[in-house]
Amino acid sequence: MSESKTTLVTGGAGFIGSHLCDALVARGERVVCIDNFNEFYNPAQKRANVAALLRHPGFTLIEGDIRDRDLLARAFEQHRPARVAHLAAMANVRYSIERAPLYVDVNIQGTINVLDAARSVGIENFVFASTSSVYGDTDQFPFVEEQSTDHPLAPYPATKKAAEVLGYSYHNMFGVNFTAVRFFTVYGPRVRPDMMAYTVMDDILHGREITLFNGGEMYRDWTYVGDIIKGVVAALDTPLGYAVLNLGRGEPVRLGDFVSVIERLTGAPAAVRAVPAPPSEPPRTFANVDKARRLLGYNPRVSVDEGLAHTWEWYCAFHQPNQ
Ligand code: NAD
């Protein structure tokens, strides 16, 4: 561990990025966050995510876009980070379906921009947020990093896969240490409002119907954000040359069961409307995390019951801050 090092976190005001900034600052590191506070979801939520960090002397916020190469060059030159955690992206599989050009701009060109800025200051380690959706619709369970990821089901995972392989080129050409961490459906406090943990809580509270793909007969390997952050911090601490690692929990949960846990927390039943799953949605995700365990000491511990309880606590505090 390197107390005085600077880590640059792109997307550091977002759901996962802000937890990462918290964790790094808490252990005495300097953190530079670049985020454009885009309107994919309410930027007020992102402002709230970093409100406490802004009072911390070790934290610097740069409001800017990773599509702006000059801004990146200035930020890297000024702060000379030792490591980069690159989390800024357009996320969400379904939103990407009609917006491939935007996803290519931000997730591919943006990643090249960050890689170029990083190598120009001789970065020690580059960690990239990839996704379990690169595995597409496969019958090979659990997912291991070496299996095919050649058939992503939508632009979002296709752009993430492209960024993973560009990382290899930068490793090969310029010796950049590059680790792609494939996150499996992350949830927890500050969860994005387009994600199921949030939408189900919100729909139940507002008496709205919940749309459930295949009537809940699908499985996701939900992973608590605290576990993910431990994995990302370990990846930042461990240059591996070039590596791709699953960060999941390894215990897929039925969508219907996930909703039942939220019903218990909210104390109200969900009005469920079953709809067929769109072709962008694989029926099951399931991580094999042996490689991350071996190389990073990654050890996900938080159950969906516990993790959703923390999420619900945050949801209530976020929406009723004075109660
Ligand atoms: P998020 O949307 O909350 O965070 C992304 C942040 O990046 C946002 O704060 C956004 O404002 C910022 N951003 C987007 N475009 C930008 C740009 N052009 N320039 C600067 N900043 C920009 O999403 P998240 O759920 O925290 O996801 C973080 C990363 O993890 C993303 O790369 C996402 O693809 C990946 N991921 C997330 C999950 C999940 O379950 N949440 C799963 C797999 C992968």
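Residues numbered from 1 in each chain as written. Predicted model: local features only at pLDDT ≥ 70, side-chain atom pairs only at ≥ 80, totals over all residues. Heavy atoms only, no water.

### Regarding the overall build of the protein chain
So, point 1. Scanning the protein chain for helices and strands turns up 11 helices and 13 strands.
So, point 2. Against the compact-globule benchmark of 20 Å for 323 residues, the protein chain has a radius of gyration of 19 Å, which places it among compact chains.
So, point 3. Overall size of the protein chain, expressed as C-alpha extent along the three principal axes, is 55 × 50 × 35 Å.
So, point 4. Residues counted as buried form 56% of the 323 residues belonging to the protein chain.
So, point 5. Put simply, 84% of the contacts in the protein chain that link residues at least 6 apart link residues at least 24 apart.
So, point 6. On the protein chain, roughly 13,500 Å² of surface is accessible, and the fraction owed to carbon and sulfur atoms is 50%. (Helix = DSSP H or I, 4+ residues; strand = E, 2+ residues; numbered from the N terminus. Rg over C-alpha atoms; globule rule 2.2 N^0.38 Å. Buried < 20%, exposed > 50% of the residue type's maximum accessible area, 1.4 Å probe, protein only. Contact = heavy atoms within 4.5 Å. Areas by Shrake-Rupley, 256 points an atom, 1.4 Å probe, with all protein chains shown as cover.)

### Some words on helix H1 (residues 15–26)
So, point 1. Spanning 12 residues, H1 covers 17 Å between terminal C-alpha atoms, matching the ideal 16 Å at 1.5 Å per step.
So, point 2. A large share of H1 lies buried, amounting to 9 of its 12 residues.
So, point 3. Turning to H1, its buried residues are Phe 15, Ile 16, Gly 17, Ser 18, His 19, Leu 20, Cys 21, Leu 24 and Val 25.
So, point 4. Residue Gly 28 follows H1 closely and has a positive phi angle near 90 degrees. (Expected span 1.5 Å × (residues − 1).)

### Some remarks on the pattern of salt bridges
So, point 1. For the structure on display, the rule yields 23 salt bridges.
So, point 2. In this structure, the salt-bridge partner of Arg 27 is Asp 237, at a minimum N-O distance of 2.8 Å. Here Asp 237 lies in helix H8 (residues 225–237) and Arg 27 lies in the loop between H1 and strand S2 (30–35), a separation of 210 residues in the sequence.
So, point 3. Of the residues examined, Asp 237 reaches a relative accessible area of 32% and is grouped as partly exposed.
So, point 4. One salt bridge connects Arg 94 with Glu 281, and the closest N-O pair in it is separated by 2.6 Å. Of the two residues, Arg 94 is situated in helix H4 (residues 93–96) and Glu 281 in the loop between strand S13 (271–275) and helix H10 (290–296); the sequence distance between them amounts to 187 residues.
So, point 5. Residue classification places Arg 94 among the partly exposed residues on the basis of a relative accessible area of 39%.
So, point 6. We classify Glu 281 as buried; its relative accessible area is 15%. (Salt bridge = Lys/Arg side-chain N within 4 Å of Asp/Glu carboxyl O.)

### Considerations on the site of the ligand
So, point 1. Residues in contact with the ligand amount to 30 residues; listed here are only the nearest, Asp 35, Tyr 41, Tyr 156, Lys 160 and Val 186.
So, point 2. In the environment of the ligand, an oxygen atom lies 2.6 Å from a nitrogen or oxygen atom belonging to the side chain of Tyr 156.
So, point 3. At 2.8 Å from an oxygen atom of the ligand is found a side-chain nitrogen or oxygen belonging to Arg 192.
So, point 4. When the free accessible area of the ligand is taken as 820 Å², the share hidden by the protein chains comes to 98%.
So, point 5. The set of elements that each furnish at least two residues to the shell around the ligand consists of H1, strand S5 (125–131) and helix H6 (155–174).
So, point 6. Taken together, the residues that form the shell around the ligand break down as 16 nonpolar, 8 polar and 6 charged. (Near = heavy atom within 4 Å. Polar contact = N/O pair within 3.5 Å; in protein donor to acceptor, adjacent residues only side chain to side chain. Nonpolar A, V, L, I, M, F, W, Y, C, P; charged D, E, K, R; others polar.)

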